[in-house]
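Listed below are the residues making up each chain.
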Amino acid sequence: MALVALKCPNCGGDLQFEDSHDFGFCQYCGTKIMLQEALTYKVEMDYTRQARNLLQNAEDYYSEGFKEKAYGYASDAVELDRTLARAWFIKAMCTDDYEDRVVGLKNAFKNTDDPKLKEEIKKNLSEKCRVELKYSGLITSWMSEYPCPILIDGERYLLKDTSYVMLSKGAHTVVFVFIDALSSEKQFVVRKNCTLQMKVGYGILGKTFTATIIE
């Protein structure tokens, strides 16, 4: 026979019950407490507390721009409490995975009553597009760093590792990183989910780089 520490679900008082009993009464407010229900409630409260601590960590890293860490903490938070809308939102905003982002935003929308957050979610669902990255043509070690880096709006991506990116609707620029120089800047316009087809070649005038949107 052992003692189990619990909190009264009615007044929050600290209690102890023998685990052999089915129920007991709160010594502070007199509430009848079913032991199994109280234990379940205690576990749920512990998970909720842990989830909110993880969410706070995610918020801190998100505000500082550390997306990878924010994503990790937000993911752990929703594993414990799937109703945390803000955790879903941070998870969505810190991933380049299209499906993951959409799932996160939809779960955030479903679990919040905050009109400002809902508006932000709608904006991100409507303005972000999935842009698939495809390249072809002559790409060799003497033309470019392996594995083929590009800059989209100044942010570096490796074509070997990145199959698509999430971009807002509107105009963007792409640059190919040759081993000894940058290509000329190419502009493309995103209107919906699309493919950015890039081609590197070598002609009479030297290295060439083209970029074309396929919708």
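Remember, it's a predicted structure, so these values are computed and weren't measured experimentally. (Residues numbered from 1 in each chain as written. Predicted model: local features only at pLDDT ≥ 70, side-chain atom pairs only at ≥ 80, totals over all residues. Heavy atoms only, no water.)

Trainee: If you had to explain the confidence of the model for the protein chain to someone new, which residues and values would you point to?
Mentor: Mean pLDDT over the protein chain stands at 82; residues scoring 70 or higher make up 82%. When the elements of the protein chain are averaged for pLDDT, strand β1 (residues 3-7) gives the smallest value, 67, and helix α3 (residues 85-93) the largest, 94. (pLDDT = per-residue confidence, 0-100. Helix = DSSP H or I, 4+ residues; strand = E, 2+ residues; numbered from the N terminus.)

Trainee: I'd love a proper account of the packing of helix α2 (residues 67-80) against α3, names of residues and values included.
Mentor: The geometry of a pair of packed helices is captured by two quantities: the angle between their axes and the separation between those axes. Contact geometry of α2 with α3 gives a least axis separation of 8 Å together with a crossing angle of 145°. Here α2 and α3 pass one another in a crossing that is left-handed. Each of Lys67, Ala70, Tyr71, Ala74, Ser75, Ala77 and Val78 in α2 lies in contact with α3, whose residues at this interface are Ala87, Trp88, Ile90, Lys91 and Met93. Classifying every residue of the contact of α2 with α3 gives 9 nonpolar, 1 polar and 2 charged. (Axes fitted to C-alpha atoms, helices over the stretch in contact; angles between N-to-C directions. Left-handed = near helix turned anticlockwise from the far one by under 90°. Contact = heavy atoms within 4.5 Å. Nonpolar A, V, L, I, M, F, W, Y, C, P; charged D, E, K, R; others polar.)

Trainee: Could you give an account of the sheet that holds strand β10 (residues 186-190), naming the residues involved and the relevant values?
Mentor: The strand order β7-β6-β9-β10 describes an open sheet built from 4 strands, whose pairing is antiparallel. Edge positions in the open sheet fall to β7 (155-158) and β10, since each of these has one partner strand only. On average, each strand axis in the sheet is inclined to that of its neighbour by 35°, with strand direction left out of account. Alignment of strand β6 (residues 149-152) against β7, held across 4 bridges, turns out to be antiparallel. From the neighbouring strand, Pro149 faces β7, where its bridge partner is Leu158. (Pairing = 2+ DSSP bridges.)

Trainee: Talk me through the packing of helix α4 (residues 98-110) against helix α5 (residues 115-127); I want residue IDs and the actual numbers.
Mentor: Packing of α4 against α5 leaves a shortest axis separation of 10 Å and a crossing angle of 155°. Comparing the axis directions of α4 and α5 gives the class roughly antiparallel. Here α4 runs over α5; the crossing is left-handed. Mapping the contact onto sequence places Leu105, Ala108 and Phe109 in α4 and Lys118, Ile121, Lys122, Asn124 and Leu125 in α5. (Parallel < 35°, antiparallel > 145°, perpendicular 65-115°, else oblique.)

Trainee: How would you sum up the packing of aromatic side chains? Please name residues and give values.
Mentor: Summed over all chains, the structure comprises 4 aromatic pairs. Geometrically, the ring pair formed by Tyr61 and Tyr73 is stacked, given 5.6 Å between the ring centres and 5° between the ring planes. Linking Tyr61 in helix α1 (residues 35-64) with Tyr73 in helix α2, this pair joins segments that are 12 residues apart in sequence. For Tyr61, a relative accessible area of 26% gives the class partly exposed. Since its relative accessible area comes to 28%, Tyr73 is described here as partly exposed. Over the face of the ring belonging to Phe109 we find Lys118, whose NZ or CZ atom lies 4.6 Å from the ring centre. (Phe/Tyr/Trp six-rings, centres within 6.5 Å; stacked < 30°, edge-to-face > 60°. Buried < 20%, exposed > 50% of the residue type's maximum accessible area, 1.4 Å probe, protein only. Lys NZ or Arg CZ within 6 Å of the ring centre and 35° of its normal.)

Trainee: Give a detailed account of the side chain of Ser183, specifying residues and quantitative values.
Mentor: Note that Ser183 resides in the loop between β9 (170-176) and β10. Accessibility expressed as a relative area gives 10% for Ser183, which makes it buried. Among the polar contacts listed, one links the side chain of Ser183 to the backbone nitrogen of Phe176, at a separation of 2.9 Å. Apart from the residues lying within four places of it in its own chain, the contact partners of Ser183 are Val175, Phe176, Phe178 and Phe209. (Polar contact = N/O pair within 3.5 Å; in protein donor to acceptor, adjacent residues only side chain to side chain.)

Trainee: Give me the lowdown on the environment of Cys94, citing residues and values where you can.
Mentor: If you trace the backbone, Cys94 turns up in the loop between α3 and α4. Under the relative-accessibility criterion, Cys94 is labelled buried at 11%. Along the sequence, Cys94 and Gly72 sit 22 residues apart, while their C-alpha atoms lie 9.2 Å from each other. Those residues in contact with Cys94, other than ones at most four positions away along the chain, are Tyr62, Lys67, Ala70 and Tyr71.

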